[in-house]
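# Close look at the chain arrangement
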Amino acid sequence: MIDADCVLPDPAAIRRVRSADGTGLNVELYGPTGAPVVVLAHGWTCSTPFWAPVVNRLAADHRVVAYDQRGHGRSDVPSGSAGYGTARLADDLEAVLTDVLPDGGRAVLAGHSMGGMTIMAAADRGGVAARTAGALLINTGPADLVAELLVVPAAVRGAGLRRALHRAVLESKLPLGPVNGVSRALLKYATMGPGTPAARVDACARIVHACPTSVRHGWAKVLGELDVTAGLARLTAPTAVVVGSRDRLTPPVHARRMAAALPDPQGLLELPGVGHMSPMERPAEVAAEIRRIVTLTADTRADTPADKQRSATA
């Protein structure tokens, strides 16, 4: 059975936003109009339901915007290799922010994994920087992802062999298959802390397994060569970092490097015993960090940025 907080509430609005190359993006809005705006960008193989535990903790007094990254959830799948890349992720975030925030409106951005990489990739975009009051980078990294992966057991010796095995795991074209006991155990080992309850593992597995194999592979190739370090240095808004101490995909070494490189660092929160899926494993702490950044940046946002008087269905 799925935990109640892993189910998204009914959205206040659903929009279809077109990115620069015409890709259609599913954008969902929760919470009251006029409340502080928080924009959530999910990670590789996930979708908007991944954020449900966080949305349920914020939507009473925040305008929460969650969107499906291209190829994920109800957003369009890129038609070819040109549709994949960090520049496309930046295009998509810029399109979403431009659509949901009027001129002068600003939001706190929170990105998990590939979502955090999206925020870094878009940091030098004028349309993004002008609308960013603050940011939270969650279980993510700017570069060297394959070199730092900890999925392959430490008993496998040799940096070269470990890197090759990690790349093979990351870029596998094999379908994940049905959600069952074996697949849940593998997902938990790779992405979640050992103490994660079975219901959380199941909720996460259902989301990850719903990602098309071609999309998973297409983005894995991008992540394998990722380097958004320059964007990290241009992320001038107040920014905090969250990581799980047991994160095998983006280990704490990335979080420490990011915290040291940020122009305006606002803290590094390391969650003991938590894996890569902090928003699902420890949503209360993640939501609290988002609230902290919202409060910290309150005087830099427009007082009550009104939503555009337009809505569209997915």
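Report on the accompanying structure.

## A few points about the sheet that holds strand 4 (residues 63-67)
Strand order in the open sheet made by the eight strands is 1-2-4-3-5-6-7-8, with mixed pairing throughout. Only two strands of the sheet have a single partner each, and these edge strands are strand 1 (13-18) and strand 8 (265-271). Across the sheet, the axes of successive neighbouring strands diverge by a mean angle of 20°, strand direction being ignored. Seen against the sheet, helix 3 (residues 114-121) touches strand 3 (37-41), strand 4, strand 5 (107-112) and strand 6 (132-138) and runs at an angle of roughly 130° to strand 5.

## Thoughts on the state of the cysteines
Defined simply, a disulfide is a covalent bond joining two cysteines at their sulfur atoms. Following the criterion strictly, the structure yields zero disulfides and no others. Of all cysteine sulfurs, the one in C46 lies closest to C204, which takes part in no disulfide; the gap is 5.6 Å. C211 takes part in no disulfide bond, and the closest cysteine sulfur to it belongs to C46, at a distance of 8.4 Å.

## Comments concerning the packing of helix 7 (residues 181-191) against helix 8 (residues 198-209)
Here helix 7 crosses helix 8 at 95°, and the two axes come no closer than 10 Å. With respect to each other, helix 7 and helix 8 are oriented roughly perpendicular. Where helix 7 approaches helix 8, its residues S183, R184, L187 and K188 are matched on the opposing element by V201, D202, C204, A205, V208 and H209.

## Quick word on the pairing of strand 6
For strand 6, the buried fraction is high: seven of the seven residues fall into the buried class. Here strand 5 pairs with strand 6 via six bridges, running parallel. When the sheet's bridge partners are listed, V108 is paired in strand 6 with G134. As paired elements, strand 6 and strand 7 (residues 239-244) share four bridges and run parallel to each other. By the bridge assignment for strand 7, L136 is matched with A240.

## As for the packing of aromatic side chains
Applying the stated rule across the entire model yields two aromatic pairs. Note on F50 and W51: the rings are 5.9 Å apart at their centroids and 75° apart in plane angle, and the pair reads as edge-to-face. Residue W51 is classed as buried on the basis of its relative accessible area of 0%. Pairing Y84 with W219 gives two aromatic rings, centres 5.0 Å apart and planes at 65°, and the pair type is edge-to-face. Of this pair, Y84 sits in the loop between strand 4 and helix 2 (86-100) while W219 sits in helix 9 (residues 213-224); the two residues are 135 residues apart in sequence, bridging distant segments of the chain. Taking relative accessible area as the criterion, Y84 reaches 16% and is therefore assigned buried. By relative accessible area, W219 is classed as buried at 0%.

## A few points about the nonpolar core
The nonpolar side chains of a soluble globular protein tend to be buried, and buried together. V27, V39, V65, L93, L109, L137 and W219 are the most contacted members of the largest nonpolar core, which totals 48 residues. Setting aside chain neighbours within four positions, we find V27 in contact with A13, I14, R15, V17, V65, A66, Y67, V96 and V100. If you look at the next biggest cluster of nonpolar residues, it comprises 38 residues, including Y30, A66, V201 and A240.

Parameters at a glance
Residues numbered from 1 in each chain as written. Predicted model: local features only at pLDDT ≥ 70, side-chain atom pairs only at ≥ 80, totals over all residues. Heavy atoms only, no water. Pairing = 2+ DSSP bridges. Helix = DSSP H or I, 4+ residues; strand = E, 2+ residues; numbered from the N terminus. Axes fitted to C-alpha atoms, helices over the stretch in contact; angles between N-to-C directions. Contact = heavy atoms within 4.5 Å. Disulfide = S-S within 2.5 Å. Parallel < 35°, antiparallel > 145°, perpendicular 65-115°, else oblique. Buried < 20%, exposed > 50% of the residue type's maximum accessible area, 1.4 Å probe, protein only. Phe/Tyr/Trp six-rings, centres within 6.5 Å; stacked < 30°, edge-to-face > 60°. Core = buried A, V, L, I, M, F, W, Y, C linked by side-chain atoms within 4.5 Å.

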